[in-house]
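Each chain is listed here by its residues.
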Amino acid sequence: MADQHDRETVGKGGETHQTASGARPDLTTEQGVRVADDQNSLKAGRRGPTLIQDQHFREKIFHFDHERIPERVVHARGYGAHGFFETYESLSDLTCADLFQRGGERTEAFVRFSTVAGNKGSPDLARDVRGFAVKLYTKEGNWDLVGNNIPVFFIQDAIKFPDLIHAAKQEPDRGFPQAQTAHNNFWDFISLTPESMHMVMWIMSDRTIPRSFRFMEGFGVHTFRLVDAEGTSRFVKFHWKPNQGLQSVTWNEAMQLNGADPDYHRRDLWDAIQSGDYPEWELGLQVFDEDFAERFDFDVLDATKIIPEKEVPVRRVGRLVLDRMVNNFFAETEQVAFQTGNVVPGIDFTDDPLLQGRNFSYLDTQLKRLGGPNFTHIPVNAPRCPVHNFQHDGHMAMRTPKGRANYEPNSWSGAAAGPRETPRGYESYPQHVEGPKVRERSPTFADHYSQARQFYVSQTQVEQSHIVDALVFELSKVDVPEIRNRVMAHLRHIDEELTESVARGLGMAVPDKATPAREPITDLPRSPALSILENGPESFAGRRLGLLLTDEVDRAKVDALLKAAADASVTVTVVAPQIAGVVAEDGTHIPANEKIDGGPSVLFDAVAILASDSGAQALAQMHEARKWVADAYAHGKFIYYGEGVKPLLDAAGVSSARRDSGMIPASEVAPGDFLTACTDLRVWDRSA
Ligand code: HDD
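As the structure is a prediction and not an experimental result, all values here were calculated from the model.

**Student:** Explain the overall build of the protein chain to me, please; I cannot follow it from the model alone.
**Tutor:** Within the protein chain one finds 18 helices and 20 strands. Against the 2.2 N^0.38 benchmark of 26 Å for 688 residues, the protein chain shows a C-alpha radius of gyration of 28 Å, consistent with a compact globule. With the principal axes as the frame, the protein chain shows a C-alpha extent of 90 × 80 × 55 Å. In the protein chain, which comprises 688 residues, the share counted as buried stands at 51%. In the protein chain, 72% of the contacts between residues at least 6 apart in sequence involve partners at least 24 apart. Averaging the positions of the 74 positive and the 98 negative side-chain charges in the protein chain gives two centres separated by 4 Å.

Below is the structure:
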């Protein structure tokens, strides 16, 4: 018993609690009987067989045997946090949604970020779309905005979702590859699904390898409706804009990070929130009316299209702050159940066929995952406002309804018998709908390439080259040349130079163009909002500096750098040849956070090396140290280096001739100025 962790116990009312005094509570069985010995099963004799009457042993193993629930069929790997949403000013001119009525009003929120394709244990830096699911516990019920970090989707109709996901996940006969799209099935499906080409441009960009959840945007994707108190409806697209700025890693870093720290994104969010550096996003609305929808080049019900911010500006209406990690990963992050159908008065759906299908799927999937219809009773899912209905009974019912009434209308529930009238009950927008029953795609959904091109031409040159590299990488994992050809045949409608670069990278000829369902528009204007690099941070705050030290280092220089980092809200990880740390020139001890091979430079946004002459010479002999520096350089990172570090730089291949604006000597530049320079994050014209 002595080795047991502090744990919560279950009290009379079925609520979990810790002992009021904070003391370690006694272990009990689920029936509340105190356990005398939790470490030895009951046996007939010291070396004899275990007895079936050992109820405590049976209960403990029974519970353990049933600890897992099915993982989500998509978005299995995720990480959640609590926070709040704050409305800037009343939006009563747009919507009667209660959370938007009063400036300064805060609404409790829970957010789960995720990757789509990988299983629960897959690495964080897979090239993949990130889920950005937000649950807002409003006073008038829960509103779930179940979005992604990309504003468009692969397919236009939900009926194709199982095909898309089957194609992206592990191939069914061999059970691999895990958490990646670089395989035959995925690209086979894509090559036969031209509507996915806009999304393909986004997933081949660095959007799918974000530096962390904190540095990515979120999007509601579909066109929704806002409905005001008079019943007037306007269309809306939802955006989450990170106040931290956008940032991604490079593909080479992503591959290394998956080995160095498969939990890189989880750890980042945990570290940031636990240290009080709360990430924030602003909620942006693109509001437009039927007239705009009519005029717009594309169908606003088509989830493979954006509305460029230049055409409909994004109005920032509030902020989302994540300020508390969960107490328990399973109870909260695993059991949270999002559902696109969860909307509140003032927010409504459109006929986007992807959204319509999602509204069915999310409720349905929770039955499988959470085992019954009462998952809304789980604390993370339960609304924070009163809930009254006669949806009683079922597996694991946690509420205990009182009284005789379990049907409606009834004359038991109060004086006024008969049907209830509820003020501000949810009313669907009375949109007029009629039409023949058909299985058809609207011809207004037929343009598959124009916005893919617009996305591509809106990227900086560096970002365009990353898209080319990603396509070459992925298609090089496809071993059927015909599939590669089919993809390139689509690319030709997006950009000829892009196609030629990809063909060159593959060592293949450029194929004929695919036959388009509709000829694309080729002169859509560039939109800077689509670039990551044009929407970077305003400072280096919130980033992580890797500081490599050796014995005999000048303590004053280390302290000056640490102070400058603290002033600039930059986190420092001290890396040393040994985990015990280093002994500085003045005899003081500086503890390390990582041993050099456990803390490779890919983990950091910028690096600094402060070493004694002998320390630098010793590092120059170490493979890990040379790689630490060579990688930081190749990945375009800012490198701050003290006097005496030259032998290490030379050994790592960063000779004097290769020292550019990102190689910053400590002898000439103060630590604070170095950190200010790091705002640019990378020196992109550095050739690796
Ligand atoms: Fe989905 C989970 C986002 C299309 C069916 N989806 C899921 C999650 C996110 C999204 C963020 C994870 C929620 C969580 O953290 O628990 N999905 C999207 C977006 C889509 C989209 C932005 C397109 C715009 N999804 C989509 C379609 C279907 C689904 C078309 C089915 C017809 N999605 C599901 C699901 C999941 C899910 C099977 C798995 C686990 C869950 O719902 O709760 O129902």
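And the narrative resumes.
**Student:** Sorry if this is basic, but what is going on with the coordination of the iron atom of the ligand here?
**Tutor:** The textbook angles at a metal center are 109.5 degrees for a tetrahedron of four donors and 90 or 180 degrees for an octahedron of six. You will see that the iron atom of the ligand has only one donor from the protein, Tyr362 (OH), lying 1.9 Å away. When you line up the elements, Tyr362 lands in helix 9 (residues 353-370).

**Student:** What is the right way to read the site of the ligand from this model?
**Tutor:** In the neighbourhood of the ligand, 22 residues make up the surrounding shell, with Arg72, Arg112, Arg358, Tyr362 and Gln366 lying closest. Contacts to the ligand include Ser361, whose side-chain N or O atom sits 3.2 Å from an oxygen atom. Broken down by secondary-structure element, the contributors of at least two residues to the shell around the ligand are strand 5 (130-138), strand 6 (141-148) and helix 9. A total of six residues in the shell around the ligand trace back to one element, the largest contributor, which is helix 9. Tallied by class, the residues present in the shell around the ligand amount to eleven nonpolar, eight polar and three charged.

**Student:** Got a minute to help me understand the domain arrangement of the protein chain in this structure?
**Tutor:** Many authors give the size of an interface as the accessible area that is lost as the parts come together. Domain annotation for the protein chain reports domain 1 (55-185 + 210-377), domain 2 (448-533) and domain 3 (537-680). Every contact between the two is made by 17 residues of domain 1 and, on the other side, twelve residues of domain 3. Between domain 1 and domain 3 the total buried area reaches about 1,100 Å² when both faces are included, carbon and sulfur atoms providing 41% of it. The largest per-residue losses of area from domain 1 upon contact with domain 3 belong to Arg211, Glu253 and Gln256, which jointly make up 36% of the total buried on that side. On inspection of domain 1 and its partner domain 3, the count reaches three salt bridges. With a shortest N-O distance of 2.7 Å, Glu253 and Lys637 are connected by a salt bridge.

**Student:** Before we go on, may I ask you to explain the environment of Ile664 in this structure?
**Tutor:** Mapping Ile664 onto the fold places it in strand 20 (residues 663-665). Each C-alpha atom, one on Ile664 and one on Arg72, is 47 Å from the other, the two residues being 592 residues apart in sequence. In this view, Ile664 contacts Phe638, Ile639, Tyr640, Tyr641, Val669, Phe674 and Ala677; residues no more than four positions away in its chain are not counted.

**Student:** Help me understand the packing of helix 10 (residues 450-457) against helix 11 (residues 461-476), please; the structure alone is not making it clear to me.
**Tutor:** Each packed pair of helices is defined by two parameters, the angle between the axes and the distance between the axes. Remark: helix 10 packs on helix 11, axes separated minimally by 9 Å, with the N-to-C direction vectors making an angle of 125 degrees. As judged from the angle between their axes, helix 10 and helix 11 are oblique. Contacts between helix 10 and helix 11 pair Phe455, Tyr456 and Val457 from the former with Gln464, Ile467 and Val468 from the latter. Class assignment for the residues of the contact of helix 10 with helix 11 results in five nonpolar, one polar and no charged.

**Student:** What am I meant to see in the packing of aromatic side chains here?
**Tutor:** To describe a pair of aromatic rings, one takes the distance between the centres and the angle between the planes. According to the stated counting rule, one finds 24 aromatic pairs in the structure shown. The rings of Phe85, Phe100, Phe113, Phe132, Trp143, Phe213, Phe224, Phe238, Trp240 and Trp281 are connected pair by pair, giving a single aromatic cluster. Over the ring of Phe84 we find Arg106; its NZ or CZ atom is 3.9 Å from the centre of that ring. In this structure, Arg543 is placed above the aromatic ring of Phe215, and the distance from its NZ or CZ to the ring centre is 3.8 Å.

**Student:** Would you explain the pattern of salt bridges in this entry?
**Tutor:** Opposite charge on two side chains lets them pair, provided their charged atoms get close. Going through the model one piece at a time under the given rule, you end up with 46 salt bridges. A salt bridge links Glu195 to Lys160; the shortest N-O distance between them is 3.9 Å. With Glu195 in the loop between helix 3 (184-191) and helix 4 (197-204) and Lys160 in the loop between strand 6 and helix 2 (161-168), the pair connects residues that are 35 residues apart, well separated along the chain. Neither residue differs from the other here; Glu195 and Lys160 are each classed as buried. With a closest N to O distance of 3.2 Å, Asp268 and Arg211 form a salt bridge. Separated by 57 residues along the polypeptide, Asp268 in helix 6 (residues 264-274) and Arg211 in the loop between helix 4 and strand 7 (218-219) bring together distant segments of the chain.

**Student:** I'm lost on the UniProt feature "binding site: heme" (unreviewed entry) in the protein chain in this one. Help?
**Tutor:** Mapped onto this numbering, the UniProt entry annotates "binding site: heme" (unreviewed entry) at Arg72, Arg112, Phe161, Arg358, Tyr362 and Arg369. Contact partners of Phe161, with chain neighbours within four places excluded, come to Val74, Phe153 and Ile155. Relative to the helices and strands, Arg358 resides in helix 9. The class for Arg358 is buried, based on a relative accessible area of 15%. The residues touching Arg358, leaving out its near neighbours within four places in the chain, are Val146, Ala158, His222, Gln339 and Thr340. A polar side-chain atom of Arg358 sits 2.7 Å from the main-chain carbonyl oxygen of Val146.

**Student:** Explain the pairing of strand 11 (residues 315-325) to me, please; I cannot follow it from the model alone.
**Tutor:** Along any regular strand the residues' side chains alternate between the sheet's two faces. Here strand 3 (residues 78-87) runs beside strand 11; their pairing, made up of seven bridges, is antiparallel. By the bridge assignment for strand 11, Phe84 is matched with Val321.

**Student:** Explanation requested: the packing of helix 4 against helix 10 in the structure shown.
**Tutor:** Orientation of helix 4 relative to helix 10, taken along the N-to-C sense of each, is 25 degrees, at an axis distance of 7 Å. Our classification of the angle between helix 4 and helix 10 gives roughly parallel. Residues Met197, His198, Met201 and Trp202 of helix 4 form the contact with helix 10, whose own contacting residues are Gln451, Ala452, Phe455 and Tyr456. In the contact of helix 4 with helix 10, the residues fall into six nonpolar, two polar and no charged.

**Student:** What am I meant to see in the sheet that holds strand 13 (residues 544-549) here?
**Tutor:** Within a sheet, neighbouring strands are paired by backbone hydrogen bonds and run either parallel or antiparallel to one another. The parallel open sheet is built from six strands, whose spatial order is 17-14-13-18-19-20. Each having just a single partner strand, strand 17 (594-595) and strand 20 make up the two edges of the open sheet. Bridge count between strand 13 and strand 14 (residues 571-576): five bridges; the pairing is parallel. For Arg544, the partnering residue across the bridge sits in strand 14 and is Thr571. Taken strand by strand, helix 14 (residues 555-567) contacts strand 13, strand 14, strand 18 (606-610) and strand 19 (639-641), and its axis lies near 175 degrees from that of strand 13.

**Student:** I would appreciate a short explanation of the nonpolar core in the present structure.
**Tutor:** One recurring pattern in soluble globular proteins is that nonpolar side chains are buried together. Grouped together as the largest cluster of nonpolar side chains are 53 residues, with contacts concentrated most on Phe154, Trp187, Met201, Leu471, Leu491, Leu498 and Val502. Setting aside its immediate chain neighbours within four residues, Met201 contacts Ala452, Phe455, Tyr456, Ile467, Leu471, Leu491, Ile494 and Leu498. Grouped together as the second largest cluster of nonpolar side chains are 37 residues, Leu91, Ala97, Leu226 and Trp240 included.

**Student:** For this particular structure, what's the right way to read the pairing of strand 8 (residues 224-227)?
**Tutor:** By the alternation rule, side chains of strand 8 split into Phe224 and Leu226 and Arg225 and Val227, which are all buried. Where strand 8 lies against strand 9 (residues 233-242), four bridges are found, and the strand directions are antiparallel. Directly across from Arg225, in strand 9, lies its bridge partner Phe235. Taking the residues between adjacent antiparallel strands as the criterion, strand 8 and strand 9 are bridged by five residues, where Gly231 takes a positive phi near 90 degrees. Alignment of strand 8 against strand 12 (residues 347-348), held across two bridges, turns out to be antiparallel. Bridge pairing in strand 12 places Leu226 opposite Ile347.

Cut-off values and rules
Residues numbered from 1 in each chain as written. Predicted model: local features only at pLDDT ≥ 70, side-chain atom pairs only at ≥ 80, totals over all residues. Heavy atoms only, no water. Helix = DSSP H or I, 4+ residues; strand = E, 2+ residues; numbered from the N terminus. Rg over C-alpha atoms; globule rule 2.2 N^0.38 Å. Buried < 20%, exposed > 50% of the residue type's maximum accessible area, 1.4 Å probe, protein only. Contact = heavy atoms within 4.5 Å. Lys, Arg positive; Asp, Glu negative; His and termini not counted. Charge placed at Lys NZ, Arg CZ, Asp CG, Glu CD. Donors = N, O, S within 2.8 Å, 3.2 Å for Na, K, Ca; no water. Near = heavy atom within 4 Å. Polar contact = N/O pair within 3.5 Å; in protein donor to acceptor, adjacent residues only side chain to side chain. Nonpolar A, V, L, I, M, F, W, Y, C, P; charged D, E, K, R; others polar. Domains from an automatic or database assignment. Buried area = accessible area lost by both parts, 1.4 Å probe. Salt bridge = Lys/Arg side-chain N within 4 Å of Asp/Glu carboxyl O. Axes fitted to C-alpha atoms, helices over the stretch in contact; angles between N-to-C directions. Parallel < 35°, antiparallel > 145°, perpendicular 65-115°, else oblique. Phe/Tyr/Trp six-rings, centres within 6.5 Å; stacked < 30°, edge-to-face > 60°. Lys NZ or Arg CZ within 6 Å of the ring centre and 35° of its normal. UniProt positions renumbered as here; feature names shortened; annotations may be inferred. Pairing = 2+ DSSP bridges. Core = buried A, V, L, I, M, F, W, Y, C linked by side-chain atoms within 4.5 Å.

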